[in-house]
Amino acid sequence: MIGSARLALMTGEYGRAILLAGDELWNSNSTPRTRAELSLITAAAECLLGDTSRAAAELSRGVGIIEKNGLLRTLTTIPRDILEKLARQTPGLAALLDHPAVKGAREVIPADIELVTLTDREVQLLRELSSNRSMKEIAGSQFVSLDTVRSHHLSLYRKLGVHSRIDAVIRAREWGLL
């Protein structure tokens with residue numbers, strides 16, 4: 001549930017992040033770490049929606065869980081700029097942000113992500129690339145020209161941020177595209 005809520009937060013689906021986090025926050029079997037992270041996600045989403053008072057209230061709950069259970073590293077799961085924005089309104093947060101375990105740590109997740117969407121042809125090409133067939137063989141099997149395959153090939157590499165066939169296949173597997 002944390003992963004889904006975090007993904008919704010990073011992709012700008014703030015309302016969905018709040019709903020997903022809220023479902024698990026009320027689960028009595030949730031661990032303190034889970035409740036702390038979900039409180040932070042909810043607070044960040046509320047802040048990004050412009051409701052800083054609700055964000056600070058939720059963050060106060062999260063800070064209480066963090067302090068009680070020594071879960072300082074959970075503060076690195078939310079973009080620091082959001083936490084700093086709410087620090088004045090949230091008792092105890094400023095001191096936690098100044099703690100060496102938090103201050104020097106890098107953020108675990110980025111503030112946002114760019115979703116990669118592949119066309120049907122790019123997905124088809126990705127499958128073919130993993131089969132080790134030549135570009136000419138791929139063009140023949142798809143009934144398109146070699147130039148068309150090369151065009152899709154370059155677009156696919158750009159979207160995946162890679163420069164070779166093997167890197168494209170590895171990245172696609174990492175991202176669950178294959």
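Residues numbered from 1 in each chain as written. Predicted model: local features only at pLDDT ≥ 70, side-chain atom pairs only at ≥ 80, totals over all residues. Heavy atoms only, no water.

Peer 1: Help me get a handle on unusual backbone geometry, residues and values and all.
Peer 2: Non-glycine residue N132 carries a positive phi angle of around 70°. Checked against the element boundaries, N132 lands in the loop between α8 (120-129) and α9 (135-142). For F143, which is not glycine, the phi torsion reads 55° and is therefore positive. Within the secondary structure layout, F143 lies in the loop between α9 and α10 (146-160). With relative accessibility at 76%, the residue F143 sits in the exposed group. (Helix = DSSP H or I, 4+ residues; strand = E, 2+ residues; numbered from the N terminus. Buried < 20%, exposed > 50% of the residue type's maximum accessible area, 1.4 Å probe, protein only.)

Peer 1: Could you give an account of the nonpolar core, with specific residues and numbers?
Peer 2: Within the largest apolar cluster, 34 residues are counted, with the highest numbers of intra-cluster contacts made by I41, L59, I66, L75, I78, L83 and L93. Broken down by secondary-structure element, the contributors of at least two residues to this core are α1 (2-10), α2 (14-25), α3 (32-48), α4 (52-69), α5 (80-86) and α6 (93-98). Element by element, the count of residues in this core is highest for α3, at 8 residues. Beyond its immediate sequence surroundings of up to four residues, L59 is in contact with L40, A43, L83, L86, T90 and L93. Listed in part, the 15 residues of the second largest apolar core include L125, M135, A139 and V149. (Core = buried A, V, L, I, M, F, W, Y, C linked by side-chain atoms within 4.5 Å. Contact = heavy atoms within 4.5 Å.)

Peer 1: Describe a nonpolar patch on the surface, and please don't skip the residues or the numbers.
Peer 2: On the surface, a nonpolar cluster with roughly 240 Å² of combined accessible area is contributed by V116, W175 and L177. For V116, the location among the structural elements is in the loop between α7 (100-103) and α8. Here V116 falls in the partly exposed class, since its relative accessible area comes to 31%. (Patch = residues over 30% accessible without salt bridge, like charges linked within 9 Å, V, L, I, M, F, W, Y side chains within 5 Å. Areas by Shrake-Rupley, 256 points an atom, 1.4 Å probe, with all protein chains shown as cover. Salt bridge = Lys/Arg side-chain N within 4 Å of Asp/Glu carboxyl O.)

Peer 1: Which residues make up α9, and what values go with them?
Peer 2: Buried residues of α9: M135, I138, A139 and Q142, and no others. Within α9, the buried residues cover an arc of 100° as seen down the axis, which keeps them to one side. Contacts from the buried residues of α9 go to α8, α10 and α11 (165-174). (Arc of directions from axis to C-beta.)

Peer 1: Please give an account of α8 that cites residues and values.
Peer 2: Those residues of α8 that fall on the buried side of the exposure criterion are E122, L125, L126, E128 and L129. Down the axis of α8, the sector holding all buried residues measures 160°, keeping them to one side. Facing away from the buried side of α8 by over 90 degrees, the exposed positions are D120 and R127.

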